[in-house]
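# Examination of the molecular architecture
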Amino acid sequence: MKNRALRRVALVAAVASTSALVLAGCSGGGGSASGGDGPVTLTVATFNDFGYTDALLKEYMDAHPNVKIVHNKAATSNDARANYFQKLGKTGLADIEAIEVDWLPEVMEYADLLAPVPDDLKSRWLDYKVKAATSSEGNLIGYGTDIGPEGVCYRSDLFAAAGLPTDREEVAKMLQGDWSTYFAAGDKYVAATGKPFFDSAGGTYQGAINQVEDAYENPDTGEITATENPEVKKIYDQVLKASATQSAHLGQWSDDWMAGLSNGAFATMLCPGWMLGVIEGNAPEVKGWDIANAFPGGGGNWGGSYLTVPSNGKNVAAAQELADWLTSPDTQIKAFENAGTFPSQTDALKNETLLSNTNAYFNNAPVGQILTDRAEAVKVSPYKGTFYFQINDAMQKALTRVEDGTQDAATSWQQWVTEVDALK
């Protein structure tokens, strides 16, 4: 603990020094709001698919003729995260930077480097969405975009070939239960086809660990407890046991995984709302994808993001205005229609457009109602402390080592334990 404390003291001191310079350099600045007369170019940096299509951004530019929006999308969230923390408080970040909820514990350490969300907007989001991004000083530092209630996406054509139910209500009944129920369905699929049931151990593990309230750290003390938590070991062992016969061993976001969405490399995957757009975008010609109103263990939420505005940007006021619009109820509904990103706005969740929404690509599934039901099924909001991202990223690599045959499960677990202990 002593080494950890020393590292953190040094880091905080460095950040405080940087913050003081930044605030001194931008006091009284920040650019004009987008309603001003001068031309303004606003850069927006995201990852995966936030539903911010060219047509959607053009709506804003049409309403604000002096504004030009440049949208930059990172290849992966890890790439975006590395860039964010390398440049925060310095130069080179976009006017609006998207962040994942899993980064929040680290982001909150640098809350003074981000322009606060105006107080009058705080009531628009779900309470837990606001609480997670509120600093100790009471400043909300992120404009909430989506949340990630999960169902199970499946290939109905591959299910039919395996003699499994294909109707989404029947599939939901088949999958209703705990994780052993899901893996039992996988055993039937593999026995009938000899082909993988799900995409990867990593994606499957993520769905299960998000149902554990305090998986890696003690919320009261901040102590890292991951390696001693029996629930973590149980999930690790259970997922890898199933992985041996049921996984396609395709790491999510890899080129082979992207191809697998269309070539039938796997029959199911855990599916937060934002994943719908990813599947359709990478497998536009496939007719078999559908989504079941079920999730192993009851309910789960994977992901959800925010937009942040670096306080040393050249156009802070204009960026805040755009971030406000991008996360307004109407725009969240449009983003959902574009990419399946499920709204975090309380008004949006009551919107009939959302509740009646169907997705033609997913066999006209009533995705609005399904994901609303899945959101209501979520009972656990897992605690994610300062080291959550590092611990979980190391776990994902541990699972990958087993799937690619580099290490056996016991050796990879021990390496993960060593890496986590080094964080203490």
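By convention here, each chain's residues receive numbers from 1 onward along its written sequence. Residue-level local features of this predicted model are given only where pLDDT is at least 70; pairs of side-chain atoms are given and counted only at 80 or more, and the full residue set underlies all totals for whole chains, interfaces and linings. Only hydrogens and water are set aside when side-chain values are computed; all heavy atoms of the structure are taken into account.

If you look the protein chain up in an unreviewed UniProt entry, it shows as Cellobiose-binding protein from Microbacterium testaceum.

The next subject is the state of the cysteines. What counts as a disulfide here is a pair of cysteine sulfur atoms lying within 2.5 Å. Summed over the entire model, instances satisfying the criterion amount to one disulfide. The disulfide partner of Cys 153 is Cys 271, and the gap between their sulfur atoms is 2.0 Å. Every disulfide takes its handedness from the sign of the S-S torsion; for Cys 153 and Cys 271 that torsion is -95°, giving left-handed. Placement of the pair is Cys 153 in strand β4 (residues 143-155) and Cys 271 in strand β5 (residues 268-272), with a sequence separation of 118 residues. For the residue pair Cys 153 and Cys 271, the accessibility class agrees, reading buried in each case. Working definition: helices are DSSP H or I runs of at least four residues, strands are E runs of at least two. Numbering for both runs from the N terminus. Three labels apply to residues, based on accessible area from a 1.4 Å probe with only protein chains included: buried if under 20% of the type maximum, exposed if over 50%, partly exposed otherwise in between.

This part takes up the packing of aromatic side chains. Note on ring pairs: Phe, Tyr and Trp rings are taken, using the six-membered ring of Trp, and paired if centres are within 6.5 Å. Classes follow the plane angle, with under 30 degrees stacked, over 60 edge-to-face and the rest tilted. As enumerated under the stated definition, the model contains 28 aromatic pairs in all. Ring centres 5.2 Å apart and planes at 55° place the aromatic pair Tyr 60 and Trp 325 in the tilted group. Of the two residues, Tyr 60 is situated in helix α2 (residues 54-63) and Trp 325 in helix α13 (residues 316-326); the sequence distance between them amounts to 265 residues. Centroid distance Tyr 216 to Tyr 388: 5.4 Å. Interplanar angle 40°. Geometry classified as tilted. Of this pair, Tyr 216 sits in the loop between α9 (201-209) and α10 (230-246) while Tyr 388 is found in helix α18 (residues 388-403), placing the two residues 172 residues apart along the sequence. Ring-pair connections join several aromatic residues into one group, and the members of that group are Tyr 154, Phe 159, Trp 179, Tyr 182, Phe 183, Tyr 189, Phe 197, Phe 198 and Phe 295. Over the aromatic face of Trp 125 sits the side chain of Arg 124, whose NZ or CZ is 5.2 Å from the ring centroid. Above the ring of Trp 413, the side-chain terminus of Lys 233 is found at 5.3 Å from the ring centroid. Only when the NZ of Lys or the CZ of Arg is both within 6 Å of the ring centre and within 35 degrees of the ring normal is a charge said to sit over the ring.

So, on to the nonpolar core. One recurring pattern in soluble globular proteins is that nonpolar side chains are buried together. To define a nonpolar core, start from buried Ala, Val, Leu, Ile, Met, Phe, Trp, Tyr and Cys residues and group those joined through side-chain atoms within 4.5 Å. By size, the foremost hydrophobic cluster in this structure holds 50 residues, and its most contacted members are Tyr 182, Tyr 205, Tyr 216, Val 232, Ile 391, Met 395 and Trp 416. Secondary-structure elements contributing two or more residues to this core are β4, α6 (156-161), α7 (168-175), α8 (179-193), α9, α10, α18 and α19 (409-421). Contacts are assigned to residue pairs that have any heavy atoms within 4.5 Å of one another. What Tyr 182 contacts, discounting residues up to four positions off in sequence, is Val 152, Leu 175, Phe 197, Phe 198, Thr 204, Thr 268, Met 269, Leu 270 and Pro 296.

As a further point, take α7. Looking only at α7, the buried set comprises Arg 168, Val 171, Ala 172, Met 174 and Leu 175. The arc that holds every buried residue of α7, seen down its axis, measures 160°, which confines them to one face. Turned more than 90 degrees away from the buried face of α7 sit Glu 169 and Lys 173, all of them exposed. The secondary structure elements touched by the buried residues of α7 are β4, α6, α8, β6 (289-292) and α17 (367-377). Contacts described as polar in this section are N or O atom pairs within 3.5 Å, which, within protein, must combine one atom able to donate a hydrogen with one able to accept it, while residues neighboring in sequence count only if both atoms come from side chains. You can read the cap of α7 off the contacts: a side-chain oxygen lies 3.0 Å from the backbone nitrogen of Glu 169, and it is on Asp 167. Directly after α7, the chain includes Gly 177, whose backbone phi takes a positive value near 145°. What the arc covers is the set of directions going from the helix axis to the C-beta atoms.

For every residue, the pLDDT score states the predictor's confidence, bounded by 0 at the bottom and 100 at the top. Across the protein chain, the average pLDDT comes to 91, with 91% of residues at 70 or higher. A low-confidence stretch, residues 1-31 stays under pLDDT 50, and its non-local contacts, those more than four residues away or across chains, total 35 contacts.

Moving on, we come to the pattern of salt bridges. Salt bridges are identified by distance alone: a Lys or Arg side-chain nitrogen within 4 Å of an Asp or Glu carboxyl oxygen. In the structure shown here, the tally under the stated rule is twelve salt bridges. Residues participating in the shared-partner salt-bridge network are Glu 228, Asp 421 and Lys 424.

Looking now at the packing of α10 against α18. In the contact formed by α10 and α18, the axes pass within 11 Å of each other and the chain directions differ by 30°. As judged from the angle between their axes, α10 and α18 are roughly parallel. Of the two possible hands of crossing, α10 and α18 adopt the one that is right-handed. For the pair α10 and α18, the contacting residues are Val 232, Tyr 236, Leu 240 and Ser 243 in the first and Met 395, Leu 399, Val 402 and Glu 403 in the second. By the convention adopted, Pro, Cys, Tyr, Trp, Phe, Met, Ile, Leu, Val and Ala count as nonpolar, Lys, Arg, Asp and Glu as charged, and the other residues, Gly among them, as polar. A per-class count over the contact of α10 with α18 returns six nonpolar, one polar and one charged. The convention used is that axes are lines fitted to C-alpha atoms, helices contributing only their stretch in contact, and that angles between N-to-C directions extend from 0 to 180 degrees. Put simply, angles under 35 degrees are roughly parallel, angles over 145 are roughly antiparallel, angles from 65 to 115 are roughly perpendicular, and the rest are oblique. By the definition used in this description, the sense in which the near helix is turned from the far one sets the handedness, with an anticlockwise turn below a right angle giving left-handed and a clockwise turn giving right-handed.

So, about the pairing of β5. On a regular strand, each side chain points to the face opposite its neighbour's, so the side chains alternate between the two faces of the sheet. Of all five residues in β5, five are buried, a share of seventy percent or more. Of the pairings in the sheet, the one linking β4 to β5 comprises five bridges and is antiparallel in character. When the sheet's bridge partners are listed, Glu 150 is paired in β5 with Pro 272. What makes two strands pair is DSSP finding at least two bridges between them.

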